[in-house]
Every structure is written in structure tokens, then in C-alpha cells.
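Chain by chain, the residues:
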Amino acid sequence: MSAVLYKNDNVQLIVHEQPSSEGSDTASNGAALLLEAGDRLKMVLWHNTQIWDNSNHHSTFLLFPMAGGSETQVNPAAELKTLQASLTQLQADNEAVKQRVEAAEKELQVIKEVPKVAFAVSLGGNGLQKTTSGSQKLIYKEVLTNVGGAYNSETGGFRAPIRGVYYIHFTANAPTDFTMSAVLYKYGAGVQLIVHEQPSGEGSDTASNSATLQLEAGDRLYVELWHNTQIWNNSNHHSTFSGFLLFPM
């Protein structure tokens, strides 16, 4: 009995059995072969030998490619080095993302910690305030808004809770038969802004002024009525004082 595997007419593997009295015999062989594109394999029965088969498939020929199906040889060390480099890059990218997230969280925390400051107040009452014997501090009694509590309705003053830039605005109204004024002061720094109108006959007049002021924490603002001037208000809030924090410094 024989069965011989050839590659391109060269013997690669063989099974061969000599006669051994009555009965039957089975033999097999196998190997992993490196084949180039175009290589040919065939099974040959040698001269003066025999082989047998039936529906139970006693005599077979099996061939399959190894995993990957490529003739390219894998270099484990190179593959490992590549994987390590990729891992290092991923770790670096992850660290960069982590740092950006932490920076954003810190900025958000700073924003959350900035106090909300906004106030709007009116002189209140229904009538005229007039002075002919020196300046008079104006107390805005009617509070429309006081987010953060920086305005004091007892003293009429606004105290900046933190260092920053604030927008400040005030408006004055009065009859035109007498001089009108409203003057914004900062404690220790004097006049900041003023509205002032001379008499102009019958009727009434309104004037306003505003500015962005850089204030230190604790700075106080207030409004005065100058000597020999007047200001007027009613429930419609003609004469007001307001402000809010634009941004901290």
C-alpha cells in the first residue's frame, strides 16, 4: 500500500505499508508546509502498490491554510513594541483630556463662587425733597431688587462685596422751577458722577447718568442732593439708583 504527496513533482510526505498477511491496514501522515503562490500539490500511488476506499471515506486528502492566511511572518517583539507605543499615546491623550476637564471644572467652580450682585431702588414716597441748607444724602427707601444684599435701605449706600467692575446708573426727576441735582459719591474718593439741571420755567425734567466703575471689596457708593437743589419722586419711580456686577477682577 502507498500514498505519496508531491509538491511540484518533489516528494513531501509518504505512507507505505508492506504486506502483512490477511486483513487491512490504515496509515496517515501530515505536516505544515510553506507554499508559494502557484505551488502544486498532488497525491500519487506508487508503482506496484494499491489503495482502497468506499463510502466510509477510508482514504482521504485534507488541506487547509493556517490562521491569518498570509505568508508574512509575525514578529512578536515588534508587535508588542507597537502595542506599547499605542498604549503610551492613549495614556498621554487621556491625561491631556483629564487636565482639560479639571481646568474646566476649576473655572466653573470659580464662576459658581462669584456672588450675584444686582440692585435697583427708588426714592419712594410721593413728593419733593429739597435742601437749602447744605447737601443731603438721599435714602432710597423703596427696594425693587437687591440680589446679594449689597444695598442698605437704612443708609442708602451700596457696598461692593468683591473686587470687580460694576455698572452703576441713577436717574433724577424734578419740577423745572428750581435747580435739580443727584450726585454719586464713593467714600474716600469724592464725586464719581452727577446729574444737574438749571431751572427752565414750568414743567418737569428728567436726567440720568451711568458708568462702569472698578470697585474694591468694601467700596461704598451713595447719592447726595446738592445744596440748594431738589429731586422728586412718586410711585412711578422717576428717581432711581441701580447697579450690578459685570465681572470680578
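This is a predicted model, so every value here is computed, not measured.

On to the packing of aromatic side chains. Counted by the stated rule, this structure contains nine aromatic pairs. Ring geometry for Tyr167 versus Phe244: centroids 5.4 Å apart, planes at 35°, classification tilted. Remark: Phe244 occurs in strand 16 (residues 240-248) and Tyr167 occurs in strand 10 (residues 164-175); sequence separation between them is 77 residues. Considering the side-chain rings of Tyr185 and Tyr222, the 5.4 Å spacing of their centres and the 10° angle between planes classify their relative orientation as stacked. Of the two residues, Tyr185 is situated in strand 11 (residues 180-186) and Tyr222 in strand 14 (residues 220-225); the sequence distance between them amounts to 37 residues. This pair shows no difference in class: Tyr185 is buried, exactly as Tyr222 is. Above the face of the Tyr187 ring, Arg220 is positioned so that its terminal group lies 4.0 Å from the ring centre.

Sheet strands pair via backbone hydrogen bonds, and the direction of the pair is either parallel or antiparallel. If you trace the three strands from one edge of the open sheet to the other, you get 2-1-3, paired in antiparallel fashion. Of all strands in the sheet, those bounded by a partner on one side alone are strand 2 (10-16) and strand 3 (41-44). Looking at each pair of strands side by side, their axes are set apart by 20° on average, direction ignored. As paired elements, strand 1 (residues 2-7) and strand 3 share four bridges and run antiparallel to each other. Looking at strand 3, one finds that Tyr6 is bridged to Lys42.

Looking now at the pairing of strand 11. Each regular strand displays side chains that alternate between the two surfaces of the sheet. Counting buried residues along strand 11, seven of its seven residues qualify, which places the element largely inside the surrounding structure. Going residue by residue along strand 11, you find Met180, Ala182, Leu184 and Lys186 tucked away on one face and Ser181, Val183 and Tyr185 tucked away on the opposite face as well. Two elements, strand 11 and strand 14, share four bridges in a ladder whose sense is antiparallel. By the bridge assignment for strand 14, Val183 is matched with Glu224.

Moving on, we get to the nonpolar core. By size, the foremost hydrophobic cluster in this structure holds 31 residues, and its most contacted members are Tyr140, Phe158, Tyr166, Leu184, Leu221 and Phe241. Breaking this core down by element, the ones donating at least two residues are strand 4 (118-122), strand 10, strand 11, strand 12 (190-197), strand 13 (204-215), strand 14 and strand 16. The dominant element in this core, judged by the number of residues it contributes, is strand 10, at five residues. Discounting residues that sit within four places of it in the chain, Leu221 has contacts with Gly156, Gly157, Phe158, Ile168, Leu184, Tyr185, Lys186, Leu213, Leu215 and Phe241.

Take the environment of Phe178 next. Inspection of the secondary structure puts Phe178 in the loop between strand 10 and strand 11. Sequence separation of Phe178 and Leu80 is 98 residues, and the distance between their C-alpha atoms is 92 Å. Residues in contact with Phe178, not counting those within four places in the same chain, are Lys130, Thr132, Glu197, Pro199, Asn228, Thr229 and Gln230.

Each value, and the rule that gives it
Residues numbered from 1 in each chain as written. Predicted model: local features only at pLDDT ≥ 70, side-chain atom pairs only at ≥ 80, totals over all residues. Heavy atoms only, no water. Phe/Tyr/Trp six-rings, centres within 6.5 Å; stacked < 30°, edge-to-face > 60°. Helix = DSSP H or I, 4+ residues; strand = E, 2+ residues; numbered from the N terminus. Buried < 20%, exposed > 50% of the residue type's maximum accessible area, 1.4 Å probe, protein only. Lys NZ or Arg CZ within 6 Å of the ring centre and 35° of its normal. Pairing = 2+ DSSP bridges. Axes fitted to C-alpha atoms, helices over the stretch in contact; angles between N-to-C directions. Core = buried A, V, L, I, M, F, W, Y, C linked by side-chain atoms within 4.5 Å. Contact = heavy atoms within 4.5 Å.

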